[in-house]
Amino acid sequence: MNEPFYHKIINSTAHRPIRDQLSGEVLDNPDLLPDLLHIAFDTTDKNHHKACWVLELVMEARIEWLAPHMDAFCNALSGYRQEGAIRSISKVCLFAVTRHRKVKLLENKHLEQITEACFDWLIDPEGKVAAKAYAMRALFIIGKNEDWIYPELQRILSEDSVKHTAAYKGAAKDILNKINTLQG
């Protein structure tokens, strides 16, 4: 573990310039990626969510870097409980499934694990809207190749919209419209 980098992570904040600086360090020095992943995937580390914030930005720029670590990433999905981590990780899932549509990045087992995590985040009554929005978008993309996803996603979005904020309702309406257009 690169101790100076670890200390930068644990002393970081959610402010974008700080996350940009740390993600830039990883993008400039890919040897730091295993350390970042180790921190982000270790949900017992009280600062894992901070590493997830940085990981989100790194994966936005270089999602293909996750490919050799996909087993560890997908195995960690069910362990996230901290909202800041879930938000970032759900966005990484969206990046991964989006990229997978163009270039095979995921194996079937990874798609299954991502699908399960996204549905879990989507139906979590305590979950925040941002993570739910990324999860529903990821599920929409996965559903283009999995027939069973759209009926389940439609049911959840239709039933849960009345319980949520305007932001959730807007995202759900967008996804439902896209599904209806595809099924048209």
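Note that the structure is a prediction, hence the values are computed from the model and not measured. (Residues numbered from 1 in each chain as written. Predicted model: local features only at pLDDT ≥ 70, side-chain atom pairs only at ≥ 80, totals over all residues. Heavy atoms only, no water.)

Caption draft 1: Local environment of the pattern of salt bridges. Under the criterion given, the structure shown has 10 salt bridges. Residues R87 and E56 are paired through a salt bridge, measuring 3.0 Å at the closest nitrogen-oxygen approach. Remark: E56 occurs in helix α4 (residues 48-62) and R87 occurs in helix α6 (residues 83-102); sequence separation between them is 31 residues. Measuring nitrogen to oxygen at the nearest pair gives 3.0 Å for the salt bridge that ties E159 to R155. In this pair, E159 and R155 both sit in helix α9 (residues 149-160), four residues apart, roughly one turn of the helix. Overall, E159 belongs to the partly exposed group, its relative accessible area being 44%. On the accessibility criterion, R155 (38% relative accessible area) is partly exposed. Three or more residues joined by partner-sharing salt bridges are found here, namely E56, R87 and K91. (Salt bridge = Lys/Arg side-chain N within 4 Å of Asp/Glu carboxyl O. Helix = DSSP H or I, 4+ residues; strand = E, 2+ residues; numbered from the N terminus. Buried < 20%, exposed > 50% of the residue type's maximum accessible area, 1.4 Å probe, protein only.)

Caption draft 2: Examining the packing of aromatic side chains more closely. Taken as a whole and assessed by the stated rule, the structure comprises three aromatic pairs. Aromatic side chains F41 and F73 sit 6.0 Å apart centroid to centroid with 55° between the ring planes, which places their arrangement in the tilted category. Placement of the pair is F41 in helix α3 (residues 33-41) and F73 in helix α5 (residues 70-76), with a sequence separation of 32 residues. When sorted by exposure, F41 lands in the same class as F73, which is buried. Summarising the aromatic geometry, the rings of F140 and Y150 are spaced 5.6 Å apart at their centres and angled 15° between planes, so their arrangement reads as stacked. One end of the pair, F140, is in helix α8 (residues 129-143); the other, Y150, is in helix α9, with 10 residues separating them in the sequence. For Y150, a relative accessible area of 6% gives the class buried. (Phe/Tyr/Trp six-rings, centres within 6.5 Å; stacked < 30°, edge-to-face > 60°.)

Caption draft 3: Summary view of the nonpolar core. L36 and F73 are the most contacted members of the largest nonpolar core, which totals 65 residues. For this core, the leading source of residues is α8, giving 10 residues. Look past the residues within four positions of F73 in its chain and what remains in contact with it is F41, L66, I89, V92 and C93. (Core = buried A, V, L, I, M, F, W, Y, C linked by side-chain atoms within 4.5 Å. Contact = heavy atoms within 4.5 Å.)

Caption draft 4: The environment of A96, seen in detail. Considering the arrangement of structural elements, one finds A96 in helix α6. With a relative accessible area of 0%, A96 lands in the buried category. For the pair formed by A96 and M70, sequence separation is 26 residues and the distance between their alpha carbons is 9.6 Å. Not counting chain neighbours up to four residues away, the residues in contact with A96 comprise I63, L105 and L106.

Caption draft 5: How the structure looks around the confidence of the model for the protein. For the protein, the mean per-residue pLDDT works out to 95, and 100% of the residues sit at or above 70. Looking at the elements of the protein, mean pLDDT is at its lowest for helix α10 (residues 166-183), recorded as 92, and at its highest for α4, recorded as 98. (pLDDT = per-residue confidence, 0-100.)

Caption draft 6: Just the packing of α4 against α6, in detail. The N-to-C vectors of α4 and α6 enclose an angle of 25°; their axes lie 8 Å apart at closest approach. Between α4 and α6, the interaxial angle falls into the category roughly parallel. In terms of crossing hand, the pair formed by α4 and α6 is left-handed. Counting all contacts with α4, which are made through H48, H49, C52, W53, L55, E56, M59 and E60, the residues of α6 involved are G84, A85, R87, S88, I89, K91, V92 and F95. Split into classes, the residues belonging to the contact of α4 with α6 amount to eight nonpolar, four polar and four charged. (Axes fitted to C-alpha atoms, helices over the stretch in contact; angles between N-to-C directions. Parallel < 35°, antiparallel > 145°, perpendicular 65-115°, else oblique. Left-handed = near helix turned anticlockwise from the far one by under 90°. Nonpolar A, V, L, I, M, F, W, Y, C, P; charged D, E, K, R; others polar.)

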